[in-house]
Structures are given as structure tokens and as C-alpha cells.
Amino acid sequence: MTNRKAAFPPITTPDARVLILGSLPGEASLAEQRYYAHPRNLFWHLIGRVIGTDLVGLDYADRISALQRARIALWDTVASATRVGSLDAAIRDAEHAPVAEPVATLPDLRAVAFNGRKSAAIGRPQLAGSGLALIDLPSSSPAYASLPLAEKERLWARLADFLV
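Reference entry: report on the structure contained in this document. (Residues numbered from 1 in each chain as written. Predicted model: local features only at pLDDT ≥ 70, side-chain atom pairs only at ≥ 80, totals over all residues. Heavy atoms only, no water.)

## A short note on the overall build of the protein
Operational definition: The numbering of helices and of strands both runs from the N terminus, where a helix is a DSSP run of H or I of at least 4 residues and a strand a run of E of at least 2. Radius of gyration here is computed from C-alpha atoms only, and the compact-globule reference equals 2.2 Å multiplied by the residue count raised to the power 0.38. To sort residues, take the accessible area from a 1.4 Å probe on protein chains only and compare it with the maximum for the residue type: under 20% means buried, over 50% means exposed, and anything in between is partly exposed. Working definition of accessibility: Shrake-Rupley area with a 1.4 Å probe, residue cover restricted to the visible protein chains. Note on charges: Lys and Arg go in the positive column, Asp and Glu in the negative column, and His and the chain ends are not counted at all. Just so you know, the charge point we use is NZ for Lys, CZ for Arg, CG for Asp and CD for Glu.
Along its length, the protein carries six helices and seven strands. Compactness check: the protein gives a C-alpha radius of gyration of 15 Å against a globular reference of 15 Å for 164 residues, within 12% of the reference. On the principal axes, the C-alpha backbone points of the protein span a range of 45 × 35 × 30 Å. By residue count, 46% of the 164 residues in the protein fall in the buried class. Of the roughly 8000 Å² of accessible surface on the protein, a fraction of 55% belongs to carbon and sulfur atoms. Considering the protein, the positive charge centre built from 18 side chains and the negative charge centre built from 16 side chains are found 4 Å apart.

## Concerning the layout of surface pockets
Condition: Here a cavity denotes a set of grid points, spaced 1 Å apart and computed over the protein atoms alone, in which a 1.4 Å probe fits but from which it cannot get out, and a pocket denotes an open set meeting protein on both sides within 12 Å along at least five of seven lines; residues with an atom within 4 Å of a point are reported as lining. Grid points are joined across faces, edges and corners, and a volume is the space filled by probe spheres set on the points.
There is about 710 Å³ of room inside the largest pocket. Lining the largest pocket are 32 residues, with Ser-23, Asp-88, Asn-115, Ser-139 and Ser-141 positioned closest to its centre. Elements with a contribution of two residues or more to the lining of the largest pocket: α1 (27-32), α5 (117-127) and β7 (133-137).

## Section: the environment of Asn-41
The condition is simple: In this description, contact between two residues means that some pair of their heavy atoms is separated by no more than 4.5 Å. Polar contacts, as counted here, are pairs of nitrogen or oxygen atoms within 3.5 Å of one another; within protein the pair requires one atom able to donate a hydrogen and one able to accept it, and residues that are adjacent in sequence qualify only if both atoms are side-chain atoms.
By the element assignment, Asn-41 lies in the loop between α1 and α2 (43-51). A relative accessible area of 16% means that Asn-41 is categorised as buried. Residues Asn-41 and Ser-140, 99 residues apart in the sequence, show an inter-C-alpha distance of 5.7 Å. Once residues within four sequence positions are removed from consideration, Asn-41 is found in contact with Tyr-36, Ser-140, Ser-141 and Pro-142. Within the structure, the side chain of Asn-41 is placed 2.8 Å from the backbone nitrogen of Phe-43, a separation counted as a polar contact. Within polar-contact distance, the side chain of Asn-41 engages the side chain of Ser-140 at 2.8 Å.

## Topic: the packing of α2 against helix α6 (residues 149-156)
Condition: Axes here mean lines fitted to C-alpha atoms, for a helix over just the part in contact, with angles spanning 0 to 180 degrees between N-to-C directions. Working definition: roughly parallel below 35 degrees, roughly antiparallel above 145 degrees, roughly perpendicular at 65 to 115 degrees, and oblique for all remaining angles. The sense of a crossing depends on the near helix, which, turned anticlockwise from the far helix by less than a right angle, makes the crossing left-handed and, turned clockwise, makes it right-handed. Lys, Arg, Asp and Glu make up the charged group, whereas Ala, Val, Leu, Ile, Met, Phe, Trp, Tyr, Cys and Pro make up the nonpolar group; the residues left over, Gly among them, are polar.
Where α2 meets α6, the closest approach of the two axes is 9 Å, and the angle between their N-to-C directions is 50°. As summarised for this structure, α2 and α6 are arranged oblique, according to the angle between their axes. The handedness of the crossing between α2 and α6 is right-handed. Of the residues in α6, those in contact with Phe-43, His-45, Leu-46, Ile-47, Arg-49 and Val-50 of α2 are Leu-149, Lys-152, Glu-153 and Trp-156. Each residue belonging to the contact of α2 with α6 can be placed in one class, and the counts come to six nonpolar, one polar and three charged.

## Observations concerning the environment of Glu-101
Considering the arrangement of structural elements, one finds Glu-101 in helix α4 (residues 100-104). A C-alpha to C-alpha distance of 9.8 Å links Glu-101 and Gln-126, two positions 25 residues apart in sequence.

Here it is as C-alpha cells:
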């Protein structure tokens, strides 16, 4: 039995101003085939505060539409990897996603945000010298609970500056 997991295709819009990169979808997301599906993952809460919309209360299709209207794109830095469970620390044999490729097709892009350390460690080197703002964010994962919610909200709020 293999534990190789694969990322989802990017969700984008031609006029995206911010691209948020995670690492690799967790088990709940893979099972539901949607980004940030774990009920305790704070992603939809945090990005909803950035755009001023209660995304948590919306169904998935409406969440994605709201992100696209706000000019936010989503993807992951790991195209595929072996992993038991959902933790980034368990990622092995990672094939990195070519994040510079979609970035090159987004002329209005101003910033790339990394949702967690693993995402930043993989994505930052690929985008060095891109001229974009590269923003390391605290992970929205329930596994990263040591930082208070208010501090996560404050740090994620910086993304709003790139959407105007």
C-alpha cells in the first residue's frame, strides 16, 4: 500500500493579486477533495477576516467564488509526496510543485503568502528574485495551536494591503 498523496490543481483567477500556498492537503481535504476541509483548520476564518466575508458560513463553491472575487488564488508547494497522516513533518519524498509557472501567468500578482513553514521552505527559493512580496504566515492548521488566534489574525491581516 502506498501513502503517496497528490495536491489539487491551483484555484486562480486571471486578475489574482495574492497567491496563498499551502504545503500538501491533509487527510480531511483529500477525502473531501477541497482545500482546507478539516473543521478545525482556521484557513477559512483567517482569510475571511482578510476579505471581510464570513467564509466559514458558506458552502465550498461559494467560498471559492468569494476568494476569486477578492483576487486570491490558492495552491500548494508540494505536488506529491508520501505521508502517513496529515502533518507536514511526516512529508517524505516530496515532488515540489512548479510554483513559478502559475505565478508567471498572473500579471496583477503582488504577493505570495506561505501558509506555514513547510510551504515557505519549499516555495521561497522558487520565487526568489520574482519581485513579489513573499509573506510567511503562521499555519492555519489545527496542529499549530501554540500561537493565539488573535496573533494569527493580526499576521494574516497583512494580506489585505495587497488586495487594494
